[in-house]
Structure formats: C-alpha cells, structure tokens
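The lines below spell out each chain.
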Amino acid sequence: MKIKKLGLAALLVFAAAGAGAQTLNVQSAIQDLKKNYLKKAKLEIDAACEHEATKDDAKTWCYKGLIYARIGSEASNPKSKFKDLAPDWAEQAYQAAMECKRLDANHEYANENNSVFRFVGNEYYSQSVELLSNQQYAEALEVAERAIEMFNNSGDAKFAGESMWIAGLSAKALKNNDKVKRYFSNLVRRKTNRTQVYRNLFNVYKEEGDKEGAMKTATNYMNNRPNYYDAYLLMAEGYLLNDNLEGGKDMINKALELTRDSVKLYPQILGMAALLLETTGDYEGAEAKYNESLNLTPVQFDANFGMGKMIFNRGVDKLDAANAIPPDDDSGLYDKLMEESRGFFGQSIQYFQAAVSYIDGLTDPEAKRMQRKNLYDSLSALNTVYARLEMYDELKAVKARLEDIQKEG
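Being a predicted model, the structure only gives us computed values, none of them experimental.

S.K.: It is not clear to me how the environment of E408 should be interpreted in this structure. Could you clarify?
M.R.: Looking at where E408 falls in the secondary structure, it is placed in helix α19 (residues 392–408). Judged by relative accessible area, E408 falls into the exposed class, the value being 61%. Placed 33 residues apart in sequence, E408 and L375 show a C-alpha to C-alpha distance of 13 Å.

Okay, structure coming up:
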C-alpha cells in the first residue's frame, strides 16, 4: 500500500534572487538553503514571514515551503543533524504552500509550490497508511483527508487516489457511510481496478436500501472492468437485489464463462454463484453449482461449508415452521416438519465434516491459522446438529475441540 516517494529534485530548482521587495532575510534564506544550512535558513525565512516588507510576498512563502520540505526530507534520517529541527515541518510547509498559492496571482512560483504540496501530501499519505495499519481509524481518516487536500492543491490531483483509498477504508471501519460514498465514488469515477471499492460501495447502498445506487455501482464496475469476473458477480447481486432473477443468472453465467478455463478459480466461482442463488431461494440451482464445484475439487472448504450451511439453514427453517404450529393442531404437520428438519440436519453433517477435514489436512501452519475462524464455525455447526440429532458421542468430541480453540484465544 505504498506509492513511489516523490523526490526533492523539483524543490531544488530555485528562481533567481533578483531585485525587488526582498529583505536580506529572504536572500540569505535562499542562499543558505542552497548550501544546506537548514538551521540558519529556517530562522531567516521565519523572520521574513513576519516582516512587513516580505510577509505579503508569494516568494517568501514559497521558500518557506521549500525550506521546511527540505527539513522534512532530513527528518527520517536518524543520522541527520537536522532530524529534530522542526517536528511540525509538514504542517509548516503546508501552511506556507497555501499562503504562497493565495498570494501568487500570476502563478510565478506554481511549479516549486506544487512540488511542496506533493512532497508534504506524500508524507501525510505515509502517515495515514501507518495509522490505518495500527487500527487508528479516526486519525488515519483525518490525515488521509489532509493528504487529499495537499494533492488536490498540487495541480495534479491524480496523486490523491491512493489517499482516497485509505480514507475510504478508514471511513468503512468507522461506519461513516457518507465518507465511504464520497471517497469510493470518486475512485469509481477514476475507473479504479480495486474490487473492494466497488464491493464496499455496493454494500453501503444495499445497507441503506438504495437499490438504484447499488445497481449503478455494479454497472460502473462492469463497464470499467469488463474482463473481471467479480464485476459480473456484483452485477448478479444487483439484479437479484432488484428481484431480477433471470438477469442475475445471466450475470452468474458470464462470470463462470470468464473463469471456466481456470482449474483453481472456476470451482471457487461456482461456490460464489451457488451462494447467490441460495439467497434467492433457488436451492436446486445452488445445490447444482455446489455439486459441480465439489466434483471438480472435492477437497476444499468453501463449497463443502456452503452446501452444509445451506442444508442446515433449510433444517432451521423447517424447525421454525414446526414450532409455529399451534399446540392443539392434530393434523400431523408438526411431526412432518420436525422429521424434515432432522433430515436436513442429518444431510448437512457430511459437508461440515469435509470442511473440517480440509482444514485439518493443511500442512502450512500459517494457512491453518488463517482458517481458524472457519474451523470454529464448522465445528459450531456440527455441535448444533449433533445436539439436535442426539448424537452424544460425536457431540462430546466436537465440544472438546471447541473448548481447545477457545482456550487458545
């Protein structure tokens, strides 16, 4: 999640120190910056920014931005004698660049000043990445927004894209839907290739009940990335969200066509297609897709767990229906529904067991660690099924495994 560091070469292109309304402080600051006498240059430019003769001169603020940006380039070097010269160098450079832009009506210093904007923007971007990785979401959002502002002021807003990504992720973690929409919609307009942008934006609209917004997001994804299978899966979900079953199935088939030649990917997409069909109540279609996936790759987690969960949920539906039967009903419907429920629970066992066996068979410790939640979910499902079917020996073994996982934290 890094972008290329913006170099300081542009910051070292200095305008000639010609005649005009300059004090000795500005001239000296420029010369000392060229010689890398940063402590002197800082004192001189700070004084010039307060002096009546130069405080309203764009050139003064341009060089303050350049000097503080140069100080910033030294701040990350532990061996530099200037590393602690101005801990707030980024904020100082930012304020200077903004003031220069305000005063520079003829854009005489635009090139140098834009370089300051980009350099400081990159610093804020780097800070936002670190804050996000440390789960300091509010701080990451604030700093990423500052980076966006810097890049947008630099005359080349394309650099703002990476910061919008960080801002959007931070907003998502904070459940700030308005800002998720603001930043991810901007990235969609920029035709980003990040699936997560479209997916998260789609989910926000879906959560808000905005079917039109969700469908528009999916359509943009498909138009921006016509060769991405997951764009068609998102389109399928959009169609199904709008009760267009035929349109949804058509998009599912297009996603499958794009991945049919991939031995590894095609079975996964079949599982995703099955899950989408399941959400519409098309259990027959979902079961066919799960089975096709399992025929191609019997030893896997997704399709085994997906099939088991679908069958398990159908058992729960039958159980709920049975419990809704009035106590005085003597039609026999209660017993029929209970028997059907038990039948579904029993059918789910083999798939949950296969999901557990897949994880148990992993030899890579890191891969197994990544599957820890999936293992817990599969065992929890088996725990419920065994209890419902009064399979007490199996229940005892599963409970022991669940307790071991809980002890591990």
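S.K.: Looking at this structure, how should I read the pattern of salt bridges?
M.R.: Pairing is possible between side chains that carry opposite charge, provided their charged atoms lie close to one another. A complete count under the given rule lists 21 salt bridges for this structure. Here K40 and D32 are joined by a salt bridge, their closest N and O atoms 3.9 Å apart.

S.K.: Hey, could you run me through the layout of surface pockets in this one?
M.R.: If a probe as big as a water molecule is rolled over the atoms, it shows which places are left empty. Looking at the largest pocket, its volume works out to about 460 Å³. Forming the boundary of the largest pocket are 19 residues, of which L233, Q268, G271, M272 and L275 lie nearest the centre. Of all elements in the fold, only α9 (195–207), α11 (229–241), α13 (265–279) and α15 (302–323) reach the threshold of two or more residues within the lining of the largest pocket. Of the residues in the lining of the largest pocket, the class split is 10 nonpolar, four polar and five charged.

S.K.: In this structure, what is going on with unusual backbone geometry? I would like to understand it.
M.R.: For residues besides glycine, phi is generally negative; the peptide bonds are generally trans as well. The backbone phi angle of K191 is positive, close to 60°, even though this residue is not glycine. Along the polypeptide, K191 turns up in the loop between α8 (177–189) and α9. A positive phi angle, near 60°, is found at E390, a position not held by glycine. Looking at the element boundaries, E390 is found in the loop between α18 (372–388) and α19.

S.K.: What is the right way to look at the state of the cysteines in this model?
M.R.: What the rule picks out here adds up to zero disulfides. Note on C62: no disulfide assigned, nearest cysteine sulfur contributed by C100 at a separation of 4.7 Å.

S.K.: Got a minute to help me understand the confidence of the model for the chain in this structure?
M.R.: For any part of a model where pLDDT is low, the fine detail of the predicted coordinates should not be relied upon. Taken as a whole, the chain shows an average pLDDT of 91; of its residues, 94% reach a score of 70 or greater. Note that residues 1–22 has pLDDT below 50 and, in this model, 48 contacts with residues that lie over four places away or in other chains.

S.K.: Even after reading the chapter, I still don't get the nonpolar core, so can you show me in this structure?
M.R.: In a soluble, globular protein the nonpolar side chains are often hidden away together inside. Among the nonpolar cores identified, the biggest contains 95 residues, and W89, V120 and F184 are the most heavily contacted of them. Among all residues touching W89, those that are not within four sequence positions of it are Y68, A69, I71, G72, A75, F119, V120 and E123. In terms of nonpolar packing, the next biggest core, distinct from the first, is built from 20 residues, I349, A355, V356 and V398 among them.

S.K.: I would appreciate a short explanation of the packing of aromatic side chains in the present structure.
M.R.: Centre distance and the angle of the planes are the two values used to describe a pair of aromatic rings. Here the structure, examined in full by the defined rule, presents nine aromatic pairs. Members of the aromatic cluster, each reached through a chain of ring pairs, are F301, F305, F312, F345 and F352. The cationic tip of R146 hangs over the ring face of Y94; the distance from NZ or CZ to the ring centre is 4.4 Å. A cation over a ring is seen here: K158 above F159, with NZ or CZ 5.5 Å from the ring centre.

S.K.: What is the right way to look at α9 in this model?
M.R.: Compared with the 18 Å implied by 1.5 Å per residue over 13 residues, the 18 Å span of α9 between its first and last C-alpha is a close match. Among the residues of α9, those classed as buried are V197, Y198, N200, L201, F202, V204 and Y205. Residues of α9 that are buried sit in contact with α7 (160–173), α8, α10 (211–224) and α11.

S.K.: In this structure, what is going on with the side chain of Q300? I would like to understand it.
M.R.: Topologically, Q300 is positioned in the loop between α14 (283–296) and α15. The class of Q300 is buried, set by a relative accessible area of 10%. Within the local environment of Q300, its side chain forms a polar contact with the backbone oxygen of T297, the two atoms lying 3.0 Å apart. Sequence-distant contacts of Q300, defined by excluding residues within four places in its chain, comprise P267, S293, L294 and Y358.

S.K.: Could you clarify how one ought to interpret the environment of V385 in this entry?
M.R.: In this fold, V385 is placed in helix α18. By relative accessible area, V385 is classed as buried at 0%. Taking the C-alpha atoms as reference points, V385 and F312, separated by 73 residues in sequence, lie 8.1 Å from one another. Contacts of V385, omitting those with residues within four sequence positions, involve F312, F345, S348 and I349.

S.K.: I'm lost on the side chain of N224 in this one. Help?
M.R.: Checked against the element boundaries, N224 lands in helix α10. Polar contacts involving the side chain of N224 include one to the main-chain carbonyl oxygen of V188, which spans 3.3 Å. Ignoring sequence-local partners within four residues, the contact set of N224 consists of V188, K191 and Y198.

S.K.: Any chance you could explain the packing of α10 against α11 here in plain terms?
M.R.: In a packed pair of helices, the relevant descriptors are the angle between the two axes and the axis-to-axis distance. Contact geometry for α10 and α11: axes closest at 8 Å, N-to-C directions at 155°. Classed by the angle they form, the pair α10 and α11 counts as roughly antiparallel. Crossing geometry of α10 relative to α11 is assigned as left-handed. Along its contact with α10, which presents K211, A214, M215, A218, T219, Y221 and M222, the element α11 presents D230, A231, Y232, L234, M235, G238, Y239 and L241. For the contact of α10 with α11, the residue count by class is 11 nonpolar, two polar and two charged.

S.K.: Whenever I open this one, α10 confuses me. Can you help?
M.R.: A turn of α-helix holds 3.6 residues, and therefore any two residues three or four places apart point the same way. For α10, built from 14 residues, the straight-helix expectation of 20 Å at 1.5 Å per residue is met to within 8% by its first-to-last C-alpha distance of 20 Å. Taken residue by residue, α10 has G213, A214, M215, T217, A218, Y221, M222 and N224 as its buried positions. Tucked inside the fold, the buried residues of α10 contact α8, α9, α11 and α12 (245–259).

S.K.: I tried to follow the packing of helix α4 (residues 89–103) against helix α6 (residues 137–153) on my own but got confused; where do I start?
M.R.: The N-to-C vectors of α4 and α6 enclose an angle of 35°; their axes lie 12 Å apart at closest approach. Seen from above, α4 lies across α6 with left-handed handedness. Note on element contacts: α6 touches α4 through R146, E149, M150 and N153, opposite E91, Y94, M98 and K101.

Cut-offs and rules
Numbering of residues starts from 1 in every chain and runs along the sequence as written. Reporting in this predicted model follows two pLDDT cut-offs: at least 70 for local features of residues, and 80 or more for side-chain atom pairs to be given and counted; totals over whole chains, interfaces and linings ignore these cut-offs and use all residues. The side-chain numbers reported here are obtained from all heavy atoms of the structure, hydrogens and water having been left aside. Helical segments are the DSSP runs of H or I of at least four residues, strand segments are the runs of E of at least two, and each set is numbered from the N terminus. Relative accessible area decides the class of each residue, using a 1.4 Å probe on protein chains only: under 20% of the type maximum gives buried, over 50% gives exposed, and in between gives partly exposed. Basic side-chain nitrogens of Lys or Arg form a salt bridge, by our definition, when they fall within 4 Å of a carboxyl oxygen of Asp or Glu. Grid points spaced at 1 Å and placed over the protein atoms alone form the basis of the search, with a cavity being a set where a 1.4 Å probe fits but cannot get out and a pocket an open set showing protein on both sides within 12 Å along at least five of seven lines. Lining residues have an atom within 4 Å of a point. Grid points are joined across faces, edges and corners, and a volume is the space filled by probe spheres set on the points. For this classification, the nonpolar set comprises Ala, Val, Leu, Ile, Met, Phe, Trp, Tyr, Cys and Pro, the charged set comprises Asp, Glu, Lys and Arg, and every other residue, Gly included, is treated as polar. Disulfide assignment relies on a single distance test, namely cysteine sulfur atoms paired within 2.5 Å. pLDDT: the predictor's confidence for each residue, scored from 0 to 100. Should any heavy atoms of two residues lie within 4.5 Å, those residues are considered in contact. To define a nonpolar core, start from buried Ala, Val, Leu, Ile, Met, Phe, Trp, Tyr and Cys residues and group those joined through side-chain atoms within 4.5 Å. Each aromatic pair joins two rings of Phe, Tyr and Trp (for Trp, the six-membered one) with centres within 6.5 Å, and gets the label stacked for planes under 30 degrees apart, edge-to-face for over 60, and tilted for any other angle. Geometrically, a charge over a ring is one whose NZ (Lys) or CZ (Arg) sits within 6 Å of the ring centre while staying within 35 degrees of the ring normal. In this analysis, the expected span of each helix is defined as 1.5 Å times one less than the number of residues it contains. By the criterion applied in these results, polar contacts are pairs of N or O atoms within 3.5 Å in which, for protein atoms, one can donate a hydrogen and the other can accept it, and in which residues neighboring in sequence qualify only through two side-chain atoms. The convention used is that axes are lines fitted to C-alpha atoms, helices contributing only their stretch in contact, and that angles between N-to-C directions extend from 0 to 180 degrees. Angular relationships are summarised with four words: roughly parallel below 35 degrees, roughly antiparallel beyond 145, roughly perpendicular across 65 to 115, and oblique for the angles in between. By definition, any crossing whose near helix is turned counterclockwise from its far helix by less than a right angle is left-handed, and any crossing with a clockwise turn is right-handed.

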